[in-house]
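Remarks on the overall topology
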Amino acid sequence: MAERIRPPWWLKYVNKTMIALNKTGLLKEGPVVLTVTGRKSAQPRSTPITPFEVDGRRYVVGGLPGSDWVRNAQANPDAVLVRGKTRERVRMVELPVDEARPLLRQFPILVPTGVGFMKNAGLVTGPNPDEFESLAGRCPVFRFDTV
């Protein structure tokens, strides 16, 4: 079985707040809401994520190994990204470890808000690109392809 890190107790409440804020349309940058189909329930499951862009392509890092949204995306890669009233259908493509490494190196620079989260999860000690690169194979990286 794949590694699984238990999320912090407060994450569910913060996620609900971020989803509600996203619906207002006030957030113009930063997190978006990702909706994927639940692998067991077949029901839509939503979570806030912070995508980043490299060379015109968008990516997201699965911040907690074994998280439900990651396992759902691996089971059914068709998803919807929502920011305010804008909805975009995408296909999530999980990258091989060798392609993920350089993107993980850039993550602490492009998504500095994610550093604290991953530090609190015990995955890294700070914004060191070498530490983030070493997460390849533990924290999946997905590319978003427009459908």
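Scoring rules and cut-offs
Residue numbers here run from 1 along each chain, matching the order of that chain's written sequence. Owing to the predicted nature of the model, reporting of local features is limited to residues with pLDDT of at least 70; listing and counting of side-chain atom pairs is limited to 80 or more, with chain, interface and lining totals taken over all residues. Heavy atoms throughout the structure, all of them, feed into the side-chain values; hydrogens and water do not. Elements are defined by DSSP. Helices are runs of H or I of four residues or more, strands are runs of E of two residues or more, and each kind is numbered from the N terminus. C-alpha atoms define the radius of gyration in this analysis, and the globule rule sets the expected value at 2.2 Å times the number of residues to the power 0.38. Two strands qualify as a pair provided DSSP detects at least 2 bridges between them. Axis angles are defined between N-to-C directions and span 0 to 180 degrees, where every axis is a line fitted to C-alpha atoms and, for a helix, only to the segment in contact. Any two residues whose heavy atoms approach within 4.5 Å at even a single point are treated as in contact. The span expected for a helix works out to 1.5 Å for each residue beyond the first. Points on a 1 Å grid over protein atoms alone make up a cavity when a 1.4 Å probe fits among them but cannot get out, and a pocket when they form an open set with protein on both sides within 12 Å along at least five of seven lines; lining residues each have an atom within 4 Å of a point. Grid points are joined across faces, edges and corners, and a volume is the space filled by probe spheres set on the points. Aromatic contacts are taken between Phe, Tyr and Trp rings whose centres are within 6.5 Å, Trp giving its six-membered ring; a plane angle under 30 degrees counts as stacked, one over 60 as edge-to-face, and the others as tilted. Categorising residues by exposure relies on relative accessible area from a 1.4 Å probe, with only protein chains included: less than 20% of the type maximum marks a residue as buried, more than 50% marks it as exposed, and the intermediate range marks it as partly exposed.

The protein chain is annotated in an unreviewed UniProt entry as Nitroreductase family deazaflavin-dependent oxidoreductase from Mycolicibacterium iranicum.

All right, on to the overall build of the protein chain then. Of regular secondary structure, the protein chain possesses 5 helices and 7 strands. Starting at the N terminus and ending at the C terminus, the protein chain contains elements arranged as α-β-β-β-β-α-β-β-α-α-α-β. Its C-alpha radius of gyration of 14 Å places the protein chain within 12% of the 15 Å reference for a compact globule of 147 residues. Dimensions of the protein chain, computed from C-alpha atoms along their principal axes, come out at roughly 35 × 35 × 30 Å.

Before going further, it helps to examine the sheet that holds strand E5 (residues 78-83). Sheet architecture is open: 7 strands sit in the order E2-E1-E5-E6-E7-E4-E3, paired in antiparallel fashion. Where the open sheet ends on each side, the last strands, each with one partner, are strand E2 (44-49) and strand E3 (52-54). Here the average twist between neighbouring strands, direction ignored, is 40°. Where strand E6 (residues 86-94) and strand E7 (residues 141-146) come together, 5 bridges link them in antiparallel fashion. Across the sheet, Val93 pairs through a bridge with Arg143, a residue of E7. Running at roughly 90° to E2, helix H1 (residues 11-24) makes contact with strand E1 (32-37), E2 and E5 of the sheet.

With that out of the way, let us pick up the pairing of E5. Pairing of E1 with E5 involves 4 bridges; the strand directions are antiparallel. The residue bridging Val33 from the neighbouring strand is Val82, located in E5. As paired elements, E5 and E6 share 6 bridges and run antiparallel to each other. Paired with Asp78 across the two strands is Arg91, which belongs to E6.

An ideal rise of 1.5 Å per residue puts 20 Å on 14 residues; H1 measures up with 20 Å between its terminal C-alpha atoms. Trailing H1 by a residue or two, Gly25 shows a phi angle of about 80°, which is positive.

Before going further, it helps to examine the layout of surface pockets. Its volume calculated, the largest pocket comes out at about 1,100 Å³. Lining of the largest pocket is provided by 36 residues; of these, Leu11, Asn15, Thr47, Pro48 and Trp69 occupy positions nearest its centre. Counting only elements with at least two residues in the lining of the largest pocket, the list comes to H1, E2, strand E4 (57-61), helix H2 (68-75) and helix H4 (112-120). In terms of residue count, H1 provides more of the lining of the largest pocket than any other element does, 7 residues in total.

Bringing the environment of Leu110 into the picture now. Position of Leu110 relative to the elements: it lies in helix H3 (residues 97-110). Along the chain, Leu110 and Pro51 lie 59 residues apart, while their C-alpha atoms are 9.3 Å from each other. Excluding anything up to four places from it in sequence, Leu110 contacts Phe52, Glu53 and Val54.

Another aspect to go through is the packing of aromatic side chains. The final tally for this structure, using the stated rule, is 4 aromatic pairs. When the ring of Phe52 is compared with that of Phe107, the centres are 5.8 Å apart and the planes differ by 75°; the resulting orientation is edge-to-face. Residue Phe52 is located in strand E3, and its partner Phe107 is located in helix H3; the two are separated by 55 residues in the primary sequence. Taken as a pair, Phe52 and Phe107 share a single burial class, namely buried. Between Trp69 and Phe142, the aromatic rings sit 6.0 Å apart at their centres with planes inclined by 45°, giving tilted as the arrangement.

Turning our attention to the pairing of E2. Inspection of the sheet shows E1 paired to E2 by 6 bridges, in the antiparallel sense. Bridge pairing links Thr35 to Ser46 in E2. Once E1 ends, the chain turns through 6 residues before running back antiparallel as E2, passing Ala42 with a positive phi of about 65°.

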